[in-house]
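Single-letter residue listing:
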Amino acid sequence: MKRFDIDGLGEKLLRKFAGNSSRRSFLTKLGATIVAAPAFPLLPVSRANAATKDRSPEAKTAFARNAQTKDDTKCDYWRYCAIDGSLCSCCGGGMSSCPPGAEPSPVSWVGTCINPDDGKAYLIAYRDCCGKSACGQCGCDNTDRETQLYMPQLNNNVIWCFGTKSMEYHCSTAVLIGKAS
């Protein structure tokens, strides 16, 4: 009976590999991989399952299960799933408008909220109103689907008053952008 020589087989394979490749080709392939790796997150993502996403009560977040559509001065109003701050609807403004004397920030953060009446997801832009002292009424801190601070455009823990005459925060609005698809 002949013994299987694993060392001899390994040596034979490595010698064949070394004879057919070079360090330069290995370094070329490694360099190309390192250069191309940061571009992978930019590639298109299949959204085929977005339309079939499970929006049943069991799949919803705690906020979405308890959201209501009647009173926009309450923190559980469906558009406020990712709002952080005082509601402008309690501070002399509206759900999507700043009160007199306050100016909307030129930038906003976004959230995707589910309307309990139709079960559909909508894109909401949250914008701080600036230039007046803090309202301090109807303070909400909803973090439904909140994104970490390394993506500040989606995070609600930032005062967004930069770019206005005054960096003083007053209240926050929730503007309906459209259906999320």
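Computed from a prediction, not measured in an experiment: that's the story for all the values here. (Residues numbered from 1 in each chain as written. Predicted model: local features only at pLDDT ≥ 70, side-chain atom pairs only at ≥ 80, totals over all residues. Heavy atoms only, no water.)

> How do you make sense of the overall build of the protein chain when you look at a structure like this?
Across its full length, the protein chain carries three helices and six strands. For the protein chain, the N- to C-terminal ordering of α and β elements is α-α-α-β-β-β-β-β-β. The buried share of the protein chain, taken over its 181 residues, is 32%. For the protein chain, contacts bridging at least 24 residues in sequence account for 68% of all contacts bridging at least 6. (Helix = DSSP H or I, 4+ residues; strand = E, 2+ residues; numbered from the N terminus. Buried < 20%, exposed > 50% of the residue type's maximum accessible area, 1.4 Å probe, protein only. Contact = heavy atoms within 4.5 Å.)

> Honestly, the state of the cysteines in this entry has me stumped. Any pointers?
Two cysteines form a disulfide when their sulfur atoms are joined by a covalent bond. Going through the model one piece at a time under the given rule, you end up with seven disulfides. Covalently, C90 is tied to C138 through a disulfide, its sulfur atoms 2.0 Å apart. One disulfide, between C90 and C138, carries an S-S torsion of -85° and so falls in the left-handed class. Of this pair, C90 sits in the loop between strand 1 (84-86) and strand 2 (103-104) while C138 is found in the loop between strand 4 (121-130) and strand 5 (139-141), placing the two residues 48 residues apart along the sequence. A relative accessible area of 27% places C138 in the partly exposed class. (Disulfide = S-S within 2.5 Å.)

> Mind showing me how you'd approach the packing of aromatic side chains here?
The geometry of two aromatic rings is summed up by the distance between their centres and the angle between their planes. Using the criterion set out here, one finds four aromatic pairs in the structure. For the ring pair W109 and Y126, a centre distance of 5.6 Å and an interplane angle of 25° mean the geometry is stacked. Of this pair, W109 sits in strand 3 (residues 109-114) while Y126 sits in strand 4, and the two are 17 residues apart along the sequence. In this structure W109 comes out as buried when scored by relative accessible area, which is 1%. Overall, Y126 belongs to the buried group, its relative accessible area being 0%. In textbook terms, an aromatic cluster arises when at least three aromatic residues are bridged by ring pairs, as seen for Y77, W78, Y80 and Y122. (Phe/Tyr/Trp six-rings, centres within 6.5 Å; stacked < 30°, edge-to-face > 60°.)

> Is there a simple way to think about the environment of C98 in this case?
By secondary structure assignment, the location of C98 is in the loop between strand 1 and strand 2. Separated by 32 residues in sequence, C98 and C130 have C-alpha atoms that sit 8.5 Å apart.

> How should helix 1 (residues 6-20) be read in this particular structure?
Residues lying three or four places apart along an α-helix face the same way, a consequence of the helix completing one turn every 3.6 residues. Here helix 1 is 15 residues long and its end C-alpha atoms lie 21 Å apart, about the 21 Å a rise of 1.5 Å per residue gives. In terms of residue burial, helix 1 counts as a barely covered element, since only zero of its 15 residues are buried. With a side-chain oxygen lying 3.5 Å from the backbone nitrogen of D7, the N-terminal cap of helix 1 falls on D5. (Expected span 1.5 Å × (residues − 1). Polar contact = N/O pair within 3.5 Å; in protein donor to acceptor, adjacent residues only side chain to side chain.)

> Just checking my understanding: could you explain the nonpolar core for this structure?
The nonpolar side chains of a soluble globular protein tend to be buried, and buried together. With 26 residues, the main nonpolar core has W78, Y80, I83, I124 and Y126 as its most contacted residues. Elements represented by at least two residues in this core include exactly strand 3, strand 4 and strand 6 (169-179). If we skip the residues at most four places from it in the chain, W78 touches F63, A67, Q68, T69, C113, I114, N115, P116, Y122, I124 and L176. (Core = buried A, V, L, I, M, F, W, Y, C linked by side-chain atoms within 4.5 Å.)

> Even after reading the chapter, I still don't get the pairing of strand 3, so can you show me in this structure?
Taken residue by residue, a regular strand's side chains alternate between the two faces of the sheet. Pairing between strand 3 and strand 4: six bridges, direction antiparallel. By the bridge assignment for strand 4, I114 is matched with A121. Taken together, strand 3 and the strand that follows it, strand 4, pair antiparallel across an intervening segment of six residues, in which G119 is found at a positive phi of about 70°. (Pairing = 2+ DSSP bridges.)

> Before we go on, may I ask you to explain the side chain of N142 in this structure?
Here N142 shows up in the loop between strand 5 and strand 6. Look at N142 and you get buried, because its relative accessible area is 14%. One polar contact links the side chain of N142 to the main-chain carbonyl oxygen of C75, over a distance of 2.9 Å. From its side chain, N142 meets the backbone oxygen of Y80 in a polar contact 2.6 Å long.

> Could you clarify how one ought to interpret the environment of W78 in this entry?
Relative to the helices and strands, W78 is located in the loop between helix 3 (62-66) and strand 1. Along the chain, W78 and Q68 lie 10 residues apart, while their C-alpha atoms are 5.6 Å from each other.

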